[in-house]
Every structure is written in C-alpha cells, then in structure tokens.
Amino acid sequence: GQSLEQPSEVTAVEGAIVQINCTYQTSGFYGLSWYQQHDGGAPTFLSYNGLDGLEETGRFSSFLSRSDSYGYLLLQELQMKDSASYFCGYRARDDKIIFGKGTRLHILP
Amino acid sequence: NAGVTQTPKFQVLKTGQSMTLQCAQDMNHNSMYWYRQDPGMGLRLIYYSASEGTTDKGEVPNGYNVSRLNKREFSLRLESAAPSQTSVYFCAILRGGAQYFGPGTRLTVT
C-alpha cells in the first residue's frame with residue numbers, strides 16, 4: 001500500500017527557518033510534491049521533486065531522497081503569512097496522487 | 001489555479017438525496033482528481049482519471065461514482081447521500097509535477 005507520514009504540528013518563530021519532514025511507504029514511486037493550504041482555502045502548489053536532491057523556489061526548498069523514502073520542505077525567513085497547513089503528496093507512475101495528513105505550522109512573533 | 005472550476009460552492013442535502021458535483025478545466029490536461037477533506041484527515045483521494053475515458057478508484061471510493069465526460073470535465077456523483085459524506089470536496093488537475101485545485105465544494109448532509 002501507500003502511506004505518508006508527516007508531523008501533525010510544528011511551531012517556529014518569525015524570521016527563523018523550519019523543516020517539515022515527510023516519509024513514505026509506496027510502490028511505483030514517481031515523485032513527491034508539497035502544498036500549502038490556508039484555513040478556508042484550497043491547497044496551492046509549492047514544489048515538486050521528481051529526482052533526488054534539492055529544489056529551490058524563493059524562500060521555499062524541497063528535498064528528496066528516494067533511497068531513504070524521505071523528503072522535506074524547508075521554509076526560510078518565516079513570515080506570519082506562512083502560518084498554514086502543509087501537505088506532502090506522493091505521485092505514483094499511473095498519476096495516482098495521495099497525501100499525508102498535513103502539518104499545521106504555527107509561527108510566533 | 002490553472003483554470004479549475006467547481007460547482008456548486010455550497011450544498012445542503014438530506015440523507016438519501018443524490019447530487020452531482022461538477023468540475024471543469026480550461027486547459028488540456030489529461031489527469032483529473034476528486035478529493036475530500038475532513039478536519040484532521042488531510043486530503044483523501046476518492047477517484048482519479050489519468051486520461052479521457054478512464055477512471056480509477058482512490059483511497060475512499062465507496063458511496064461515489066465518477067464520469068470523465070470528456071477531456072475537460074470530471075464529475076462526482078453521490079447516489080444516496082449519507083451524513084458521513086459531509087465534507088469539503090476538491091477537484092484537481094495535474095500539470096507536470098504540480099496539481100492545481102479548484103475552489104472546493106462544501107457539502108453538508110443532514
């Protein structure tokens with residue numbers, strides 16, 4: 001089967017750096033993606049890793065290690081508007097995509 | 001959001017009623033998805049369609065049916081709604097490695 005694990009909550013301070021981890025158990029793995037969702041809104045795409053290594057997009061970076069079945073999202077220079085839920089999503093070869101339960105990020109001033 | 005629209009935005013049903021949630025994209029993407037989201041449960045895949053004419057079950061397909069009418073539209077049908085189907089429903093498309101979501105349908109079954 002397929003499953004993803006990520007922490008339910010993370011707290012960090014404004015201006016700091018935070019890492020949200022995601023581990024997965026899958027078959028037919030194709031890639032890992034990350035999404036942000038504010039309360040009452042729809043998920044929005046942040047980053048995708050189809051290959052091992054680091055992908056950087058502005059203040060957000062994502063990392064993948066296929067051999068460890070592990071990835072993470074790194075958020076730098078945290079801002080209050082980054083308070084949201086973050087989801088990792090596993091993509092299978094047939095384009096099936098399932099998600100972890102999400103990580104709620106709390107940012108303290 | 002790559003032009004993904006959903007209708008309706010809100011709906012209240014009585015137990016046993018049926019309804020269809022509509023999703024349409026204005027881009028020419030093959031893969032489309034239906035998810036439900038409940039508090040603390042994240043996004044759970046109901047059905048997906050990797051191309052026109054094909055549909056596959058996701059994690060929680062029971063109580064739902066889907067139709068990929070054409071490349072542009074992917075509908076979700078509840079034949080006999082139950083209170084357990086109270087949820088927020090999101091449609092999404094896949095473009096490259098990124099999914100783009102519609103604004104969601106908030107469904108309440110009483």
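Above this text sits the structure in question.
For the structure given in this document, a descriptive report is provided here. Remember, predicted model here, so these are calculated numbers, not experimental data. (Residues numbered from 1 in each chain as written. Chains lettered and ligands numbered in written order. Predicted model: local features only at pLDDT ≥ 70, side-chain atom pairs only at ≥ 80, totals over all residues. Heavy atoms only, no water.)

1. Regarding the overall build of chain A
A count of helices and strands for chain A gives 0 helices and 11 strands. Listing the helices and strands of chain A from first to last along the sequence gives β-β-β-β-β-β-β-β-β-β-β. In terms of overall size, chain A behaves like a compact globule, its C-alpha atoms giving a radius of gyration of 13 Å where 109 residues would be expected to give roughly 13 Å. In terms of its C-alpha atoms, chain A occupies a principal-axis envelope of roughly 40 × 30 × 20 Å. With 109 residues in all, chain A has 48% of them scored as buried. Taking as baseline every contact in chain A between residues at least 6 positions apart, the subset at least 24 positions apart corresponds to 56%. Accessible surface, chain A as shown: approximately 5,100 Å² in total, 48% of it carbon and sulfur. (Helix = DSSP H or I, 4+ residues; strand = E, 2+ residues; numbered from the N terminus. Rg over C-alpha atoms; globule rule 2.2 N^0.38 Å. Buried < 20%, exposed > 50% of the residue type's maximum accessible area, 1.4 Å probe, protein only. Contact = heavy atoms within 4.5 Å. Areas by Shrake-Rupley, 256 points an atom, 1.4 Å probe, with all protein chains shown as cover.)

2. Things to note about the nonpolar core
Ranked by size, the top nonpolar core spans 38 residues in total, and within it A:Leu32, A:Leu75 and B:Tyr35 carry the most contacts. Among all residues touching B:Tyr35, those that are not within four sequence positions of it are A:Ile97, A:Phe99, B:Leu43, B:Arg44, B:Leu45, B:Ile46, B:Val88, B:Tyr89, B:Phe90, B:Ala92, B:Gln99 and B:Phe101. Counting 22 residues, the second-largest nonpolar core is a separate cluster that includes B:Tyr47, B:Val66, B:Tyr89 and B:Cys91. (Core = buried A, V, L, I, M, F, W, Y, C linked by side-chain atoms within 4.5 Å.)

3. Some words on the layout of surface pockets
Over the atoms, a rolled probe matching the size of one water molecule traces out where space is still vacant. Here the largest pocket defines a volume of roughly 590 Å³. Along its surface, the largest pocket is lined by 29 residues, and A:Gln37, A:Gly40, A:Gly41, B:Gln37 and B:Val88 are the ones closest to its centre. Counting residues per element, the ones that place at least two in the lining of the largest pocket are strand E9 (84–92) and strand E11 (103–108) of chain A together with strand E4 (32–38), strand E9 (87–95) and strand E11 (105–109) of chain B. Top contributing element to the lining of the largest pocket by residue count: E9(B), with 3 residues. Residue composition of the lining of the largest pocket, grouped by class: 7 nonpolar, 15 polar and 7 charged. (1 Å grid on protein atoms, 1.4 Å probe; cavity = no way out; pocket = protein on both sides within 12 Å on 5 of 7 lines; lining within 4 Å. Points joined across faces, edges and corners; volume = space filled by probe spheres on them. Nonpolar A, V, L, I, M, F, W, Y, C, P; charged D, E, K, R; others polar.)

4. Thoughts on the packing of aromatic side chains
On inspection of all chains with the given rule, the structure shows 16 aromatic pairs over all chains. Relative to A:Phe99, the ring of A:Tyr35 lies with its centre 5.4 Å away and its plane at 75°, an arrangement referred to as edge-to-face. Of this pair, A:Tyr35 sits in strand E4 (residues 29–37) while A:Phe99 sits in strand E10 (residues 97–99); the two residues are 64 residues apart in sequence, bridging distant segments of the chain. On the basis of relative accessible area, A:Tyr35 is assigned to the buried category, the value being 0%. Every member of this aromatic cluster is reached through a ring pair, and the members are A:Tyr35, A:Phe45, A:Phe99, B:Tyr33, B:Tyr35, B:Tyr48, B:Phe90, B:Tyr100 and B:Phe101. (Phe/Tyr/Trp six-rings, centres within 6.5 Å; stacked < 30°, edge-to-face > 60°.)

5. A few points about the pattern of salt bridges
In the structure shown here, the tally under the stated rule is 7 salt bridges over all chains. The closest approach of N and O atoms between A:Arg59 and A:Asp82, which form a salt bridge, is 2.8 Å. With A:Arg59 in the loop between strand E6 (53–57) and strand E7 (60–65) and A:Asp82 in the loop between strand E8 (70–75) and E9, the pair connects residues that are 23 residues apart, well separated along the chain. Residue classification places A:Asp82 among the buried residues on the basis of a relative accessible area of 2%. Put simply, B:Arg77 and B:Glu79 hold a salt bridge, and the shortest N to O gap is 3.1 Å. (Salt bridge = Lys/Arg side-chain N within 4 Å of Asp/Glu carboxyl O.)

6. Topic: the sheet that holds strand E3 (residues 19–25) of chain B
All names here are of chain B. A sheet is described by the order of its strands in space; here 4 strands give the open sequence E1-E3-E8-E7, paired in antiparallel fashion. What marks the edges here is a single partner per strand, and that holds for strand E1 (4–7) and strand E7 (65–67). Going across the sheet, the axis of each strand differs from the next one's by a mean of 20°, ignoring polarity. In the sheet, E7 pairs with strand E8 (residues 75–78) via 3 bridges, with the strands oriented antiparallel. Within E8, the residue paired with Val66 across the bridge is Leu76. (Pairing = 2+ DSSP bridges. Axes fitted to C-alpha atoms, helices over the stretch in contact; angles between N-to-C directions.)

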